[in-house]
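# Structural description and commentary
The lines below spell out each chain.
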Amino acid sequence: DTYWEMKRNKKDRRLQLAASGAEGIYNAFLSSWIERIEQDQYLSFDRLQPGVIQKLSEWKRENIRLGLITMRNNPATLQRQLESLGLLPLFDNVTSVKTSGETVRDKADAARNFVGGKRKDSILWIGDTEADILAARLLGVKVCVVSCGLRTAEYLATLDTDFIVLNLNEVVLSEMRIHEHPRL
């Protein structure tokens, strides 16, 4: 619980390891973590928040275009994970950008390619990290962050976001003044 809370509040990994007396293995930990984090056996621990399938399905029925832009190094495991969770058919586009390099700019560029010339006031970026907020700002669109993901509501509130909600079920597009399709 201590580790997870530190991670959700974006505490430095070195501090997280120090909390368990393991700061001396930082380099080995980081190397092993990067190697393992996207393996199927670890991705199988991921769980969907309640109501996600229903909410995305509702938006699809309303002809809202949905794009997923995520930071992953292994597109094949991402594809398998989305299939196994029943999410793949709900997205019109899935793009993974590498976790190394210009991830924020890469996410914004991927979104720009997906939405094309659509009006910016018709797009809502929904994410759960500071990278999502920064990428949305580069794109010039509204951003809503969910606090049930990687970061806490308290941490997210310190950032430049338009909306903070607990989970996807609390996203009410009409209340967020999004005017036409598509949305991210």
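Reading the values: rules and limits
- Residues numbered from 1 in each chain as written.
- Predicted model: local features only at pLDDT ≥ 70, side-chain atom pairs only at ≥ 80, totals over all residues.
- Heavy atoms only, no water.
- Helix = DSSP H or I, 4+ residues; strand = E, 2+ residues; numbered from the N terminus.
- Rg over C-alpha atoms; globule rule 2.2 N^0.38 Å.
- Buried < 20%, exposed > 50% of the residue type's maximum accessible area, 1.4 Å probe, protein only.
- Pairing = 2+ DSSP bridges.
- Axes fitted to C-alpha atoms, helices over the stretch in contact; angles between N-to-C directions.
- Arc of directions from axis to C-beta.
- Polar contact = N/O pair within 3.5 Å; in protein donor to acceptor, adjacent residues only side chain to side chain.
- pLDDT = per-residue confidence, 0-100.
- Contact = heavy atoms within 4.5 Å.
- Right-handed = clockwise from strand over helix to strand, strands pointing away.

It is worth spelling out the overall build of the chain at this point. In terms of regular secondary structure, the chain is built from nine helices and five strands. Starting at the N terminus, the α and β elements of the chain follow one another as α-α-α-α-α-β-α-β-α-β-α-β-α-β. Against the compact-globule benchmark of 16 Å for 184 residues, the chain has a radius of gyration of 17 Å, which places it among compact chains. Structurally, the chain occupies a C-alpha span of about 50 × 35 × 30 Å along its principal axes.

Quick look at unusual backbone geometry now. Its identity is not glycine, yet Lys10 carries a phi of approximately 55 degrees, on the positive side. Mapped onto the secondary structure, Lys10 falls in the loop between helix H1 (2-8) and helix H2 (13-18). Under the relative-accessibility criterion, Lys10 is labelled partly exposed at 41%. Located in the positive-phi region is Asn63, a residue other than glycine, with phi close to 60 degrees.

By way of backbone hydrogen bonds, the strands of a sheet pair with one another, either parallel or antiparallel. Strand order in the open sheet made by the three strands is E3-E4-E5, with parallel pairing throughout. Of all strands in the sheet, those bounded by a partner on one side alone are strand E3 (124-127) and strand E5 (163-165). Sheet twist, expressed as the average angle between the axes of neighbouring strands with direction ignored, equals 20 degrees.

Turning our eyes to something else, we now look at helix H6 (residues 75-84). For H6, the complete set of buried residues consists of Thr77, Leu78, Gln81 and Leu82. Buried residues along H6 cover an arc of 135 degrees about the axis, so they all sit on one side. Capping the start of H6, Asn74 holds a side-chain oxygen 3.1 Å from the backbone nitrogen of Ala76, two or three residues further along. Of the residues flanking the end of H6, it is Gly86, one or two places downstream, whose phi is positive at about 75 degrees.

With 96% of its residues at a pLDDT of 70 or more, the chain has an overall mean of 90. Overall, residues 180-184 carries pLDDT values under 50, and its contacts beyond four positions in sequence, including any with other chains, amount to 32 contacts.

Along the chain, Gln16 falls in helix H2. Among all residues touching Gln16, those that are not within four sequence positions of it are Tyr3, Met6, Lys7 and Lys11.

Once that is clear, we can look at helix H8 (residues 130-139). In terms of burial, H8 is a largely internal element, seven of the ten residues being buried. The inward-facing, buried residues of H8 contact strand E1 (67-71), helix H7 (103-115), E3, strand E4 (142-146) and helix H9 (153-156). Taking the backbone nitrogen of Ala131 as reference, a side-chain oxygen 3.3 Å away marks Thr129 as the first, capping residue of H8. A positive phi of about 80 degrees marks Gly140, the residue just after H8.

Let us look at the pairing of strand E2 (residues 93-97). Every regular strand shows the same layout, with side chains that alternate between the two sheet faces. By the bridge criterion, five bridges tie E1 to E2 in an arrangement that is parallel. Paired with Gly67 across the strands is Asn93, a residue of E2. Viewed along the sheet, the connection from E1 through H6 into E2 turns out right-handed.

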